[in-house]
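One-letter residues, chain by chain:
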Amino acid sequence: MNESPQIVAGNWKMNLTLSQGREFLRRFKEFMGQSRPPRQLLLAPNFTLLAGLAEACGELGIGLVAQNCAPQESGAYTGETSVAMIRDAGAGWVIVGHSERRHLFNEDDELLRLKLQAAAAGGLRPIFCVGETLEQRQSGKAAAVVLGQLETGLEGFAGAGLMIAYEPVWAIGTGQTAVPEDARQMHLEIRRFLARRFAGGGLIPILYGGSAKPQNAAALLAQPEVDGLLVGGASLDPESFWRIARA
Ligand code: PEP
């Protein structure tokens, strides 16, 4: 178990415009005025919102996260966003390997390895997502799949600033959440892997993601191996994000 404060990160995916993001933060600030959660808060809006939300997030102590990054430093890569651009826009973290990137955009472990290295080289802290499909879980391969994703993705990575998000694919956006005990067991497997791989790797934060909401956040956060949550749908509403953050 990591002794640092737990982390609650919201992933807005391709939702909310800049004005909607500003309105979210205005309302979130009111909830924060009622009681400040004892957790580190992060938000991952779309690229187009990063610079416009940086100041308000800074005032609220919320860290800004990009949802993706290019593996290349710069150049003729139309439509891509580099690590330097993300940092310049005010973000300090980047999500790498979200299951929607893996499955909808065919990002494989090799590409994700390059993205992780680009993030590290450019000073962005990666939140590296791993997780198995329902079929892989049902055939008893969940741990092998997740450890394989870590093995390939983290090859050559030094470990600095790393965070892992365990997000079973079948639990993302489906309303189905992993049983807290299953989440704990997978987090333990991941922690053992990280402890073998990196000096001090047992302290790398491991977040759980997959239909986390105010109703189940406390049970998930109470698991000894769960260092925080990565929240999709329920992070779009300021009240539900705040309730998760203080669950
Ligand atoms: C996510 O997008 O990382 C996620 C966990 O989504 P949801 O909470 O909606 O399942």
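These numbers were taken from a predicted model, which means no experiment stands behind them. Per-chain numbering applies: the sequence of each chain, read as written, is numbered from 1 onward. Residues qualify for local features only when their pLDDT is at least 70, as the model is predicted, and side-chain atom pairs are given and counted only at 80 or more; totals for whole chains, interfaces and linings, by contrast, use all residues. Calculation of side-chain values draws on the structure's entire complement of heavy atoms; hydrogens and water are dropped beforehand.

(A) Region of the structure containing the environment of Val96. Looking at where Val96 falls in the secondary structure, it is placed in strand 4 (residues 93-96). A residue is classified by how much of its surface remains accessible, and Val96, at 1% relative accessible area, is buried. As a C-alpha pair, Val96 and Gly232 span 136 residues in sequence and 15 Å in three-dimensional space. By definition, residues are in contact when any of their heavy atoms lie within 4.5 Å. In contact with Val96, not counting residues within four places along its chain, are Leu112, Lys115, Leu116, Pro126, Ile127, Phe128 and Cys129. Put simply, DSSP H or I for four residues or longer makes a helix, DSSP E for two residues or longer makes a strand, and each gets a number counted from the N terminus. Exposed residues in this analysis have more than 50% of their type's maximum accessible area, buried residues have under 20%, and partly exposed residues fall in between, with area computed by a 1.4 Å probe over protein chains only.

(B) Structural context of the site of the ligand. Note on terminology: near, applied to a residue and a molecule or strand, indicates that one of the residue's heavy atoms is within 4 Å of it. The local shell around the ligand holds 14 residues, among which Lys13, Glu167, Gly173, Ser211 and Gly232 are the closest. Residues adjacent in sequence count toward polar contacts only when both atoms are side-chain atoms; beyond that, a polar contact is any pair of N or O atoms within 3.5 Å, and within protein one must be able to donate a hydrogen and the other to accept it. Contacts to the ligand include His98, whose side-chain N or O atom sits 2.8 Å from an oxygen atom. Take Gly233: an N or O atom from its main chain is 2.8 Å from an oxygen atom of the ligand. Burial of the ligand by the protein chains amounts to 96% of its free accessible area of 290 Å². Here the shell around the ligand is built from residues that sort into four nonpolar, eight polar and two charged. Residue burial considers only the protein chains on display, and all accessible areas are found by Shrake-Rupley using a 1.4 Å probe. Residue polarity follows a fixed list, in which Ala, Val, Leu, Ile, Met, Phe, Trp, Tyr, Cys and Pro are nonpolar, Asp, Glu, Lys and Arg are charged, and the others, Gly among them, are polar.

(C) Spotlight on the packing of aromatic side chains. When two rings of Phe, Tyr or Trp (its six-membered ring) have centres within 6.5 Å they constitute a pair, described as stacked for plane angles under 30 degrees, edge-to-face for angles over 60, and tilted for the intermediate range. Throughout the structure, instances matching the rule amount to six aromatic pairs. Seen in terms of ring centroids, Phe28 and Phe241 are 5.6 Å apart; in terms of plane orientation they differ by 40°. Their pairing is tilted. Placement of Phe28 in helix 1 (residues 18-34) and of Phe241 in helix 10 (residues 238-245) is noted, with a sequence separation of 213 residues between them. Three or more aromatic residues link up through ring pairs in this structure, and these residues are Trp12, Phe24, Phe28 and Phe241. Here the guanidinium or amino end of Arg101 rests over the ring plane of Phe105, the centre of that ring lying 4.1 Å away. Cation placement over rings: the criterion is NZ of Lys or CZ of Arg within 6 Å of the ring centroid and within 35° of the ring normal. Its guanidinium or amino end placed over the ring of Trp93, Arg125 lies 3.9 Å from that ring's centre, counting from NZ or CZ.

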